[in-house]
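Examination of the molecular architecture
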Amino acid sequence: MSRNKRLSILTAAEVEDLYGVPSFNESYQRFYFMLNDKELAEISRIRQRKYRCVAIALLGYFKCKPVLLNPRYKSMQDDLVFIARFHYRDLTFRRFSLKPDQKSRIYARVLSIVGVSNWNDKRHQPQLVEHLCTCAESWVEPRAVFDAAIEYLARQKIAIPAYSTLQKIVSQVIGQHQKRLHDQIDAACSQGLSTMLLTLVSGEGQFTFQQLRQSARNFTGTELQKEIAVYHHIQPWMTDVTTVLESLSLSQKNQQHYAERVDYYGAKLKRQSLANQRLYLLCYLQSRHQQGLERIAEGFIHHLRQVKQRAHQMAQERVYRDWQKAARNVSKATDILHLFVDDSIDPDTSFQAVQQRAFQFLNVSDLNSVCRYLSNQKQSAEEAFWQHLDTESTLRAGLLRSLFCCLRFDGTDKTRRLAGALAQARLDLVAGNRLGDVSIDQRLLPKATRPLLSKPDGSIDKSKYEWFLYLQIPNRLNGQLTLPEVIRYRALEDDLVKPEIWKNQKGSLVEGTQQPNISEDPKRLIPRMADELTLRLHEVSHYLERSDTRDVILRPKDGKHHWRLPTASKKHLVNNPFFQQMKAVSIADVLRVVDRDTGFIDDFQHVLGLSSKSRQYEVDLLAILIANATNQGIYGIAQISDCTYEQLSTIQANYLRLETLNASNDRINNATTRLSIFKHYNIQEDILHASADGQKFEAKRETFRTRYSSKYFGTSKGVSAVSLNANHMAVELHPKLTH
């Protein structure tokens, strides 16, 4: 296998970190090059002392990482000098080189000392491949398989082989895993489903691959119609898709991994093999179906809450206006009362004629308001609430009904009747776009609400009953009602292992987690962990009392010790003279210097794979990066620069993607670690420090993740991004809903 065709698993910096000679400071040298009696006796069997120093160095390197290295004298020189001074005080030697057979004999002694076997292809590879094939069933991502291989070798006390060997093994495991999936798809996939997948990729059908990938950006009706269109296109095929995926027995991680391949390749998916296209699309359709249903459910709940809020506001205003209007119409009521004592009216005049004359002063609605005013009875806010819902009939019969017909509800024991009514209503609306008489269950209506939903003849108004059913949903999605097809709102039992499977396969499932604490008896595990925590707390307290505590302030109070960290005065942090010595440099110039040293702009490749040695879009790319990093956006940067919005928008769509951003960030991070000053930023040399924190960002556009938060955004919407930073880089970034 040629180098350029090998599977890329680790970055160049990670390969160097694993297979390069470790760099030890003095404390590490003392730790790794210290010998016990067994090691000293074995090393002493080597005749020449300079080779003893080499053996001690290789032993220390192997303790640090179980890899057989091929170090040069220059890379070992500082460690050899330390070993010679520490173990053989009068030893001095000149530069020398190890022959391959000498290095092999020394490593044989090292392996015998630590009790580790050297890697052997014939003896170890079949067992490792078998183990990795089992691990691939959980997660087939190359890095996960590679890490599983390293863990297996550590448990089996086997030295880590060459990187190229592990590349071949991981490629073999992934190939076997995918071949099994391809064969099962060929056997389980129907001809119709295969044709649909092929048509989807080729773009020859009415519903294109681009439309499938487009998702709703916010809760507006136009955007939600995209999700409804996707749902109606893929829903008829979801039974077949689910059947095929169940036959594959894919884990959630693997299904997610293969689904992400579609977004990763994008338009380049056509270049993949037909078998890979079908595998990726089947997983993507399942993921897209779940995503679409979740957004449909969120949109349905959002619009219901908006309607309910508007109805309550309008009801309050309507009651107030009705009361004020009745107060103004009291004077007209006297004219109506005067009709009863008017002598000009013939006694034989019918009451209907008198009534018509009364309505000339006040109409029926205003007259009812005056009657309530005179009897000191305001119009019911609940009545006004339902009257306002009548004005929202377009929303109910349009968007809300379309969203509701996409959702399937289940209920608990207390909401079984409501779930049945919702299911029947869904069937009626899908079949005839109107509720049938069988859908109306008057047992669901509270006594106070029933008159508000009734017609003059005593029957239930179907439009108001439809509103009633919709309004029962949002507040009951806390477990009383569930959506079995929506991950966020489905029952807890749907996320757990089925009881019969757990009963029959409990041992294998626990063993498959490779977590020893899970299989341990909690009655023994919890006390042991509590004792370890208590002991650790005493050790920390003892250390703080006995050692230098300049960084910790101790305050004995009431016989107890209270610790706190010292705080610096703000005057030392703000306008420090140190910063006044620095010259201001523009962000664009900083990016140009970083690009000169790292070449990170080269990682922004065209979406269609077009390669060009010229960097004609370098300035535009820098402008786009600054615009997005400062939350100005390309529209804002176009307003204050000589770059047009159309030009920046085209370049951003072609060059700025998740994979290109990851590649450029990796290059900058790797270059940062190679700087000589990098190690001086570590707080502790032997510990990697990380921190997680949240940031609040106000959003200019309304999306599915934006929420109101008066504390942070006032009357606007925004998101909260929780990031995990380890040393100099962001390890994970999760956008959260802001409340």
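Within any chain, residue numbers begin from 1 and follow the written order of that chain's sequence. Only residues with pLDDT of at least 70 get local features here, since the model is predicted, and only at 80 or more are side-chain atom pairs given and counted; chain-wide, interface and lining totals rely on the full set of residues. Working from all heavy atoms in the structure, the side-chain values ignore hydrogens and water.

**Side note on the confidence of the model for the protein chain**
Just so we agree on the cut-off: Every residue carries a pLDDT, the predictor's confidence in it, which falls somewhere between 0 and 100. In DSSP terms, a helix is any run of H or I states spanning at least four residues, a strand is any run of E spanning at least two, and both are numbered starting from the N terminus.
Residue-level pLDDT values for the protein chain average 85, and 90% of them are 70 or greater. Between the elements of the protein chain, mean pLDDT differs from a low of 60, seen in strand β3 (residues 553-557), to a high of 94, seen in helix α9 (residues 163-188).

**Topic: the environment of Val262**
Looking at the element boundaries, Val262 is found in helix α14 (residues 252-265). Placed 381 residues apart in sequence, Val262 and Cys643 show a C-alpha to C-alpha distance of 32 Å.

**With respect to the pairing of strand β7 (residues 717-726)**
Which entries qualify depends on this criterion: Partly exposed describes any residue whose relative accessible area lies between the buried limit of under 20% and the exposed limit of over 50%, with all areas from a 1.4 Å probe on protein chains only and scaled to the type maximum. One requirement defines pairing of two strands: DSSP has to find at least two bridges between them.
The buried fraction of β7 is high, at seven of 10 residues. In this sheet, β7 lies alongside strand β5 (residues 690-698) in antiparallel orientation, the contact comprising nine bridges. Bridging from a neighbouring strand, Lys696 pairs with Ser720 of β7. Note that strand β6 (residues 707-708) and β7 share two bridges and pair antiparallel. Along β7, the bridge assignment pairs Arg707 with Gly718.

**Thoughts on unusual backbone geometry**
Despite not being glycine, Ser249 shows a phi value in the positive range, around 55°. Among the secondary structure elements, Ser249 is positioned in the loop between α13 (238-248) and α14. With a phi close to 60°, Asn433 is a non-glycine residue in the positive phi region. Residue placement: Asn433 occurs in the loop between α21 (416-432) and α22 (462-471).

**Description of a nonpolar patch on the surface**
Filter applied, for reference: Patch construction takes residues with relative accessible area above 30% that form no salt bridge. Like charges are linked within 9 Å, and nonpolar side chains (Val, Leu, Ile, Met, Phe, Trp, Tyr) are linked within 5 Å. Residue-level accessible areas treat just the shown protein chains as cover; the underlying method is Shrake-Rupley with a 1.4 Å probe. Criterion for a salt bridge: a side-chain nitrogen of Lys or Arg within 4 Å of a carboxyl oxygen of Asp or Glu.
A contiguous nonpolar patch, built from Val497, Ile501, Trp502 and Leu509 and spanning about 310 Å² of accessible area, is present on the exposed surface. Among the secondary structure elements, Val497 is positioned in the loop between β2 (481-482) and α23 (499-512). With relative accessibility at 44%, the residue Val497 sits in the partly exposed group.

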